[in-house]
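What follows is each chain in one-letter form.
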Amino acid sequence: MNRRQFLQASVAASTLPSMTACGDGVTITIDTRLPVGPFGADSTAEEVTAGLDLNGKTVLITGCNSGVGYESMRVLALRGAHVIGTGRTLEKAQKACDSVVGHTTPVVLELSDFQSAVDCAASVAAMGVSIDSLILNAGIGSFAEFELINGIERIFVINYLGHVVLTQKLLPLLRATGGSRIVHVGSQQAYRAAPEVGIDFDNLRGEGEYSGSLAYGRSKLANALYSLKLSEMLDPLQITSNVVHPGFVKTNIGRSASGIIKWLYQGAQSMIAKTPEQGAATQVYVATAPALAGVTGAYFEDCNPVTIEGDNHVFDKELADRLWDETRRILGDYLES
Ligand SMILES: NC(=O)c1ccc[n+]([C@@H]2O[C@H](COP(=O)([O-])OP(=O)(O)OC[C@H]3O[C@@H](n4cnc5c(N)ncnc54)[C@H](OP(=O)(O)O)[C@@H]3O)[C@@H](O)[C@H]2O)c1
């Protein structure tokens, strides 16, 4: 096992679900300053939405064909929402949409292609809908080989930058609703596996040594910081922005691992991971729970807002400002109308 594979195996082993956890010098505690619900790590998406009538609501979820995205779409449609589900091809999204009960509409979104994000937002706007909840769920794990896309490291492009383009283009449809929500699907790796400086801006083009684990942690920290920045830029009466960790969930996220790493990861999934039904709960709860109206800039694990004490950058406003400046510089024309 080489050094990179060892790092990946360590991350696979350390990705444990936790509610009040202490590890890597970080302590996670439920944030009682915000509404705390009756749900926890074992709750399912069906349970957290029981009794909720989402008829008349429109939810857009990215990555609807697999894992927690698929389960989120299934449950939101079951509760009456019109779910617009994205897939990397229309066929994938269509197949997923056709397999659930309720009102769903497939659209294409390839996050590694910023023009695809622009086109996706345009096709949603052409539907004449407004959006009540936007769940930025799609993503890739840490096992992929290093690759640059338009000169930027691939995991950062797919998990973060592509979603920024989509979100900025959809803001008018979110504003049209009033009281709408953006839910960023982040990860504990934002504070367990990000580079020490948080976002190492001088390494986005792969100048330094590559670690898939650090790249994944960095992309998930970027999700959290973008959520924080949006919560400052947007009026919470109009649009809220929060980030969630779904837990360690048995999905296809480790698909690009190979050999012993894949074996170890799948073994850990079989033994300790949440089911997709449980993994979808936090994002579906944050996207819909009436108790969370107006709550913005928060970070959720196991269906509740949490604080993170110890060395981390998840609530670092200065870093969020710097990331936003850099993001605008990278995305340039894609953010213009
Ligand atoms: N599972 C976990 O333990 C865990 C832990 C923490 C955070 N998360 C986060 O949870 C989210 C959902 O992951 P999951 O576990 O449900 O994984 P998954 O089963 O692999 O689903 C990922 C989804 O993202 C889509 N996707 C991947 N690359 C894309 C791209 N370039 N453009 C557009 N869509 C793309 C996939 O489409 P294809 O099927 O076509 O590739 C799929 O629909 C991710 O953001 C992940 O980082 C997961």
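Residues numbered from 1 in each chain as written. Predicted model: local features only at pLDDT ≥ 70, side-chain atom pairs only at ≥ 80, totals over all residues.

K.L.:
Would you mind showing me how to read the overall build of the chain here?
P.N.:
Check the secondary structure of the chain and you find twelve helices and twelve strands. What you see for the chain is a C-alpha radius of gyration of 18 Å, in line with the 20 Å of a compact globule of 337 residues. Summarising its shape, the C-alpha atoms of the chain cover approximately 50 × 45 × 40 Å along the three principal directions. In the chain, buried positions account for 51% of the 337 residues. Here the contacts in the chain between residues at least 6 apart in sequence split such that 76% fall between residues at least 24 apart. (Helix = DSSP H or I, 4+ residues; strand = E, 2+ residues; numbered from the N terminus. Rg over C-alpha atoms; globule rule 2.2 N^0.38 Å. Buried ≥ 20, exposed ≤ 12 C-beta atoms within 10 Å, placed from the backbone. Contact = placed C-beta atoms within 7 Å.)

K.L.:
Help me out: how do you make sense of the pairing of strand β5 (residues 104-108) in this one?
P.N.:
Two faces make up the sheet, and in a regular strand the side chains alternate between them. Pairing between strand β4 (residues 82-87) and β5: five bridges, direction parallel. Residue pairing in the sheet places V83 in a bridge with T104 of β5. In this fold, the crossover linking β4 to β5 by way of helix α4 (residues 90-98) has right-handed handedness. (Pairing = 2+ DSSP bridges. Right-handed = clockwise from strand over helix to strand, strands pointing away.)

K.L.:
How should I be thinking about the site of the ligand in this particular structure?
P.N.:
With respect to spatial proximity, 27 residues lie near the ligand, and among them G63, G67, A138, G139 and T251 are the closest. If one sorts the elements of the shell around the ligand by residue count, helix α3 (residues 67-78) sits on top with three residues. Across the shell around the ligand, the residue classes break down as eleven nonpolar, 13 polar and three charged. (Near = placed C-beta within 6 Å. Nonpolar A, V, L, I, M, F, W, Y, C, P; charged D, E, K, R; others polar.)

K.L.:
How should the nonpolar core be read in this particular structure?
P.N.:
Burial of nonpolar side chains together is a common tendency in soluble globular proteins. Grouped together as the largest cluster of nonpolar side chains are 88 residues, with contacts concentrated most on L76, L225 and V284. Ranked by the residues each element gives to this core, the list is headed by helix α6 (residues 154-175), at twelve residues. Those residues in contact with V284 that sit more than four places away from it in its chain are A45, V48, T49, S72, V75 and L76. (Core = buried A, V, L, I, M, F, W, Y, C linked by C-beta atoms within 7 Å.)

Just distances and angles here, no functional claims.
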